[in-house]
Amino acid sequence: MGFRSFAVSRLPAALSGLSGLRATPEPTEAEAASFDALVHRLSYLPKADIKRIREAYKFADEAHLGQFRASGEPYITHPIAVAGICAEWRLDAQAIMAALMHDAMEDCGVTKTELIERFEAPTAELVDGLTKLDKLQFSTKEESQAESFRKMLLAMARDVRVILIKLADRLHNMRTMEAMAAHKRRRIARETLDIYAPIAHRLGLNQIYRELQDLSFQHNNPWRHAALDKAITKARGNRRDLVSRIERDVLKAFEHSTHKVEIHGREKTLYSIYKKMKDKHLSFAQVSDIFGFRIVVDDLPQCYLSLGVLHQLYKPQPGRFKDYIAIPKPNGYQSLHTTLVSPLGTPVEFQIRTEAMHMVAEKGVAAHWLYKNAGNNQSAQSAQQMGSRWLQSLIDIQDETRDANEFLEHVKIDLFPDAVYVFTPKSKIMALPKGATPVDFAYAIHSDVGDHCVAAQINGEPVPLRTELRSGDVIEIVTAAGARPNPAWLSFVRTGRARSKIRHFLKNLEQEESRDLGEKMLSQALRAEGLALPSLNDEEAHDAQLWQQLARWAGNRHVDELLVEIGLGRKIASIVAKKLARMLAEQGQRPDAVMLSMGRFAADDAPAQGQVTLDGSEGASVRLASCCRPIPGDEIKGYLGRGEGLLVHTAECAVGRRLFQRDSEHWIAVSWSEELTRPFEAAVSILLNNGKGVLAQVAAAVSSAEADITHIVMNDESQQRETAEMNLLLSVRDRLHLADVLRTLKRSPVVLRVWRVKP
């Protein structure tokens, strides 16, 4: 929830360290263009580092000499302001130098080599990373935005200081956009709200997150911002007495306690009020929690003691207490939240935290440098891990997702987390997005657990895998060695990690199946030339060289890629086989007469490609057409669609015949294996006498014929007629088995007519 400070009441100073967190007053225009505007913020750095930063300032000042901003100010005022924001986070000297020179490469023609010579490689790498980010133009085209966003995240992953400096750059630009054209302001504000503000939030930079949201709101919706600001100012005056009374009551309550506290009044930001009004369809008068209070104490036990003091002072609202200390938010945020009923009956939220928690809550991942300077190593590591966990998860998704739009889809899910907190059977707490399922939980534990997940239990009870998790649930995943991800999971998983892992597995599986099919088709096409397929074993150096030459001829990087393309229909097996036959002939191999005659005889129906045998074990690379649903015993033909794998139709299928007339070159002969590995689905329609129990009688007849019903459809209008039509999908072994099922159904007294559906 976004708040801004509007009042500070202080008991004996316990939190002097917080003064380093508060924003330093902005310099005057005259000071802003000089190094003096920055140097007083760098007191935390050694003199040697300040000297190096001064050199970077002189370099940037010379590079930007004669350049001015849209407002008319010297351009150097912008890098100084960005460096000043970074200094508030106490970033190291390299980051401050990079902030001063972040526009030098792009705007002034300075090269990376020159920066390395002058300021060493680490600083030059930071400036280079920022330059690449500045070149990214977020357009309305989704593909361009997705690719740009992916590049930005890779730069972040290499060094988190890149995105911190970029956020500081964006913050100062947002503060100083008044001189720009209105349409440019709206475009930049929209981009900031969609991309940069969520990244700041995900990295725990809540102070920057709130300010970016408010500035975006101001530039994107200026009239609404002005109206809401006026309403807030008026409400602030009306509620001044209530705020003062609550402050006095809280101060008095803590006078009798032994521990020291600091009390801050907080006001909800304009954007968060606007968003609440918009999401919940409220008027401004209906938004009751406009202000709240923050209690800052010395150590963790005092947080809970302070909570007791507040609950004795005012009555808490049931269900409005949240313990983010025991269970931190995914970005590392920790506080106790409780909502109390004020003397006038309005709800007032209190947040209770320690100084260290406050530092992380406001500065997020940037608190690492604040802690480092304070000498708190344990907290520094915690703050550093806070951002690195999310960045590492993005790298994992990037490794498995090469499509930019798909990557952006995954990351957007993780950018807007509304977390639920669940437990493993060993009581480990895990945070997942709201709406997450046991499959998301399984992949959050480990990708192998997700890949082999078959069932789940929540609080000891078996549940479907699409069940939404709730905070406090204890989840147990049941796995099986032979299990693998189901494509249907993509319709309900919520985390980017789970979605990318499932898609990655299915893509790899499809590639493997397509490769096997391609090898099979090429082998049979080469048989028609009277030759046997050379060994694909890498240990056979002679054959390996032959395959490499063939792959290069086909325009592929390696033989596996060539076989996949044959299996997907992007390459014609007979053409590749003829080329391979010529290459073998050049090496002295001659067609075998017996094999040649057998190949030609077998290929009479399919002179182009040879024949593929189906046994039901084929995966995603071979599909049975849904229009005619072929089953063993049907005469079949295969259509090798471009990039779609092999699609099998019955020989009498009208859809298949039309497709054959348009594209006869991509048809190959296929046949059924003598040994089948699974049953197949056949579509059947039944005309029957309508009445009670007809469905049960039909099901009993199908079962007696040793078949199964996999899907059933019956029109709603059938309930009002004497006869009804029912459409079934039956699981049968072959055509003879289907004929047996149809005979059994015909003998049923309720069935008038039954037939197999054909297109």
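Rules used throughout
Residues numbered from 1 in each chain as written. Predicted model: local features only at pLDDT ≥ 70, side-chain atom pairs only at ≥ 80, totals over all residues. Heavy atoms only, no water. Phe/Tyr/Trp six-rings, centres within 6.5 Å; stacked < 30°, edge-to-face > 60°. Helix = DSSP H or I, 4+ residues; strand = E, 2+ residues; numbered from the N terminus. Buried < 20%, exposed > 50% of the residue type's maximum accessible area, 1.4 Å probe, protein only. Core = buried A, V, L, I, M, F, W, Y, C linked by side-chain atoms within 4.5 Å. Contact = heavy atoms within 4.5 Å. pLDDT = per-residue confidence, 0-100. Axes fitted to C-alpha atoms, helices over the stretch in contact; angles between N-to-C directions. Parallel < 35°, antiparallel > 145°, perpendicular 65-115°, else oblique. Left-handed = near helix turned anticlockwise from the far one by under 90°. Nonpolar A, V, L, I, M, F, W, Y, C, P; charged D, E, K, R; others polar.

Within this structure, the stated rule accounts for nine aromatic pairs. Note on F59 and F119: the rings are 5.4 Å apart at their centroids and 80 degrees apart in plane angle, and the pair reads as edge-to-face. Placement of the pair is F59 in helix α3 (residues 47–63) and F119 in helix α7 (residues 112–119), with a sequence separation of 60 residues. Accessibility classification places F59 together with F119 in one group, the buried group. Where F217 meets Y274, the ring centres are 4.6 Å apart and the plane angle is 20 degrees; that geometry is what we call stacked. On the criterion of sequence distance, the pair formed by F217 in helix α12 (residues 206–220) and Y274 in helix α15 (residues 270–280) is long-range, its members being 57 residues apart. Taking relative accessible area as the criterion, Y274 reaches 14% and is therefore assigned buried. Members of the aromatic cluster, connected to one another through ring pairs, are F217, Y271 and Y274.

Of all hydrophobic cores here, the largest spans 61 residues; its most connected members are L38, L42, I53, I96, L100, M101 and L115. A total of nine residues in this core trace back to one element, the largest contributor, which is helix α10 (residues 160–175). Ignoring sequence-local partners within four residues, the contact set of I53 consists of F35, L38, L42, L45, A93, I96, M97 and L100. Core analysis: the next-biggest nonpolar cluster, separate from the first, contains 55 residues, L562, I566, I631 and L730 among them.

For the chain, per-residue confidence averages 77 on the pLDDT scale, and 78% of positions sit at 70 or higher. No element of the chain has a lower mean pLDDT than strand β1 (residues 3–10), which averages 42, and none a higher one than helix α30 (residues 735–746), which averages 93. Counted against residues more than four places away or in other chains, residues 3–25, with its pLDDT under 50, gives 70 contacts. Predicted confidence is poor over residues 601–610, with pLDDT under 50, and the contacts of this stretch with residues over four places away or in other chains come to 17 contacts.

Despite not being glycine, R90 has its phi angle at roughly 60 degrees, a positive value. Checked against the element boundaries, R90 lands in the loop between α4 (77–88) and α5 (93–100).

To continue, consider the environment of G66. Here G66 is to be found in the loop between α3 and α4. When the C-alpha positions of G66 and I76 are compared, they lie 9.7 Å apart, and in sequence the two are ten residues distant.

This part is about the packing of helix α11 (residues 182–202) against α12. Packing of α11 against α12 brings their axes to within 9 Å, and their N-to-C directions diverge by 160 degrees. Taken together, the axes of α11 and α12 are roughly antiparallel relative to one another. Judged by the sense of rotation from one axis to the other, the crossing of α11 with α12 is left-handed. Each of R185, R186, A189, R190, T192, L193, Y196, A197, A200 and H201 in α11 lies in contact with α12, whose residues at this interface are N206, I208, Y209, L212, Q213, S216, H219 and N220. Grouping the constituent residues of the contact of α11 with α12 by class yields eight nonpolar, seven polar and three charged.

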